[in-house]
Structures are given as C-alpha cells and as structure tokens.
Amino acid sequence: MNRVTQNLVLTLLGCAVLRISAFSTTYLNYVKPGFQPFLVGAGAVLVILGVAGLLQASRTENRTAEEPVPAGHGHLSRDPGAAEEPASGHGRDGSHEEHGPHGRDGSHGEDGPHASHGGHDHAGGGPRVAWLLCLPVFAIFLIAPPALGSFAASREDTPPPRDQTLSSFTPLTGGTGPVDMTVGEFIGRAWDDDKKSLTGRKVRLTGFVSPAKKKGQWYVTRMQIACCAADAFPLKVAVKGLDAPPPDTWVAVTGTWIPQTFGDMPNGVVYPQLTGESITPVKAPAEPYE
C-alpha cells in the first residue's frame, strides 16, 4: 500500500467512526453513551490526518514530476563509430579479462547478481494482507454489526447475586397498575430485597427473547455492559405461562414475580421467574444495553 492508499484508508476509517457516532446512534451497539464525545473526536482527528496526508502526497508527486532529470542519469546511447568490445571477455591483446558480476576468485561482486540497477529499489509495496485493514471500514459502512442478542446471551452466565445485609430498594409506587422497571432492578429486588417489594405487584419488563433449555419457559433478556460490548453479560428473567416469541424479538412482558421456595441460594445460576400475563412486541431501543 502506497502513501496515497494508506491515507485514503485512514480518511475512510475516520468517516466511518463519525458516521456511527456523530450522525446516528449505532455506536450504542458497542459502547456506553458516555463514549460519544471521544468517538467523535477520534473520528475527526483521523479524517484530518488522512486528508492532510493525501494533500502532502499529491504535492510530493507534482514536485517530483516537475523536477528535471539530472545529466548523466539518462540512458547511454552507443556511439556508432566506437569499437565494439569483445563479447567473450578477452581483451584487445587476446588476454583473458574478468568482466561481469564474477570477481577474480569466482565469487559474486560486491552487490551480487540481484543488485538493484542504478540504485533504484524495484521492490513492491507492503504486504497484501495490509488490505485487511479496509474490512472494518466496509463493515461499518455496509453492514454495521447489531447489538448483542440471544446468541451471546446463551453463551454467558449472569454473575451470582451479591449478599446485601440492608435493603437499598425504595417502595414501589404506581397504584395497582404494572410498574415499569429494568430487568436488572427486577433481578435485584427478587434476590436481595428483604422487604419482598415484588410480592403481588404487576411489573412490565422490556427486553429481547432468548430461548431456555427448560420446556415451558423462556427468558426476557437485557445485556449489561460496564464499558463496551466486550465485557457484556446477560440479565435474564424466566417467563412462564406465555408462548415464546421468536428469539431476538424485543417485547414488553407484563406479569408477577414468582417467589423462590428454596432457602439458601443453590449452586449454579438461578434466574428469577415471572408469571406472564401479556406480551407486546416493541421496537428495539436506541440504547440496547442496561
């Protein structure tokens, strides 16, 4: 890849970063909202550096094309009147002379048989694998990867609940109607609220559908991230009493909490359960992670 191509790829990469961060909310599929200013700044810097490199490369090419060729660097023309040198390597007096790339000891000359002609480097550009740097650019422009869904959720486990000696949850309000809450809050109240504030209350959870191995239930799921999609883990609530929609369908599920009947928390991952009463398909939110 020559300098023009390198700076062109740099410019396209900066444009791709600006496209997903400054002109859309696609960046929320990969990082938390607080990273937007940093992404916009990084994209702008890449575009500026790429454009500056393209301008510099263009000026360098124009200056090189306008420079005259120094004397003595052209092709040598043969003088028709000059005597022709013997082709066999013998001198004019018949003695044997060593010419060509081999020295008197039969070894190659100083630069060897593969020396560059005229001091010019005829090697090609960088390795072809460098073109793989263009793949992320084309992926963002053409097929921006979506947010993590049921495939990722089925391969990660929710971390075990934390032991809390004091309840930090406020009483639920909203009268007798369903209370909207995040999946993470529902899980926290189900396991850690010593006041059992979920008992008998209708709640509405929004998330995507992920299948369960156990028959008769499925999960309403949200992915939670600390920084970016690389550290994401799923938050799941098992839904009973409703047929499972297709995986990755975003839904709002209304139901009531099923209190656990065991004493101590069993080994392994245990998900809180919800008796589903109604389900409504919804549009995926702009911010898919909790």
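The preceding data block contains the structure.
Computed from a prediction, not measured in an experiment: that's the story for all the values here.

Brief notes about the overall build of the protein chain
In step 1: Secondary structure assignment for the protein chain yields 5 helices and 6 strands.
In step 2: Written out in order from the N terminus, the α and β elements of the protein chain read α-α-α-α-β-α-β-β-β-β-β.
In step 3: With 290 residues in all, the protein chain has 30% of them scored as buried.
In step 4: The long-range fraction of contacts in the protein chain, counting pairs at least 24 apart against all pairs at least 6 apart in sequence, stands at 67%.

Digging into the pattern of salt bridges
Any two side chains of opposite charge can pair, given that their charged atoms come close.
In step 1: In this structure the tally under the stated criterion is 4 salt bridges.
In step 2: For Arg-204, the salt bridge identified is with Asp-180, shortest N-O distance 2.6 Å. Placement of the pair is Arg-204 in strand S2 (residues 202-211) and Asp-180 in strand S1 (residues 179-180), with a sequence separation of 24 residues.
In step 3: In this structure Asp-180 comes out as exposed when scored by relative accessible area, which is 51%.
In step 4: Residue Glu-185 pairs with Arg-189 through a salt bridge whose shortest N-O separation is 2.9 Å. One end of the pair, Glu-185, and the other, Arg-189, are both in helix H5 (residues 183-192), 4 residues apart, so they sit about a helical turn from each other.
In step 5: Judged by relative accessible area, Arg-189 falls into the buried class, the value being 3%.

Things to note about the packing of helix H1 (residues 3-21) against helix H2 (residues 36-66)
In step 1: At a minimum axis separation of 7 Å, H1 and H2 run at an interaxial angle of 155°. By the criterion of interaxial angle, the relationship of H1 to H2 is roughly antiparallel. Of the two possible hands of crossing, H1 and H2 adopt the one that is left-handed.
In step 2: Here the residues of the contact of H1 with H2 sort into 16 nonpolar, 8 polar and 1 charged.

Here's the deal with the pairing of strand S6 (residues 273-281)
In step 1: Where strand S4 (residues 233-240) meets S6, 3 bridges bridge the pair, whose relative direction is parallel. Counterpart to Lys-240 in the pairing with S6 is Thr-275.
In step 2: Strand direction decides the pairing type here: strand S5 (residues 250-258) and S6, joined by 8 bridges, are antiparallel. The residue bridging Val-251 from the neighbouring strand is Pro-281, located in S6.

Digging into H5
Since the α-helix turns once every 3.6 residues, residues separated by three or four places project in the same direction.
In step 1: Extensive coverage of H5 is indicated by the burial of 8 of its 10 residues.
In step 2: Turning to H5, its buried residues number three or more, namely Val-183, Phe-186, Ile-187, Gly-188, Arg-189, Ala-190, Trp-191 and Asp-192.
In step 3: In this structure, the buried residues of H5 make contact with S2, strand S3 (217-224), S4, S5 and S6.

Focus on the pairing of S5
In step 1: Most of S5 sits inside the fold, with 8 of its 9 residues counted as buried.
In step 2: Alignment of S2 against S5, held across 7 bridges, turns out to be antiparallel. Looking at the pairing, Arg-204 lines up with Thr-254 of S5.

Looking at a nonpolar patch on the surface
In step 1: The grouping of Leu-8, Leu-12, Leu-132, Leu-135, Phe-138, Phe-141, Leu-142 and Ile-143 at the surface amounts to a nonpolar patch, some 800 Å² of accessible area in total.
In step 2: Looking at the nonpolar patch, the elements with two or more residues in it are H1 and helix H3 (135-142).
In step 3: It is H3 that contributes the most residues to the nonpolar patch, 4 residues altogether.

Reading the values: the criteria
- Residues numbered from 1 in each chain as written.
- Predicted model: local features only at pLDDT ≥ 70, side-chain atom pairs only at ≥ 80, totals over all residues.
- Heavy atoms only, no water.
- Helix = DSSP H or I, 4+ residues; strand = E, 2+ residues; numbered from the N terminus.
- Buried < 20%, exposed > 50% of the residue type's maximum accessible area, 1.4 Å probe, protein only.
- Contact = heavy atoms within 4.5 Å.
- Salt bridge = Lys/Arg side-chain N within 4 Å of Asp/Glu carboxyl O.
- Axes fitted to C-alpha atoms, helices over the stretch in contact; angles between N-to-C directions.
- Parallel < 35°, antiparallel > 145°, perpendicular 65-115°, else oblique.
- Left-handed = near helix turned anticlockwise from the far one by under 90°.
- Nonpolar A, V, L, I, M, F, W, Y, C, P; charged D, E, K, R; others polar.
- Pairing = 2+ DSSP bridges.
- Patch = residues over 30% accessible without salt bridge, like charges linked within 9 Å, V, L, I, M, F, W, Y side chains within 5 Å.
- Areas by Shrake-Rupley, 256 points an atom, 1.4 Å probe, with all protein chains shown as cover.

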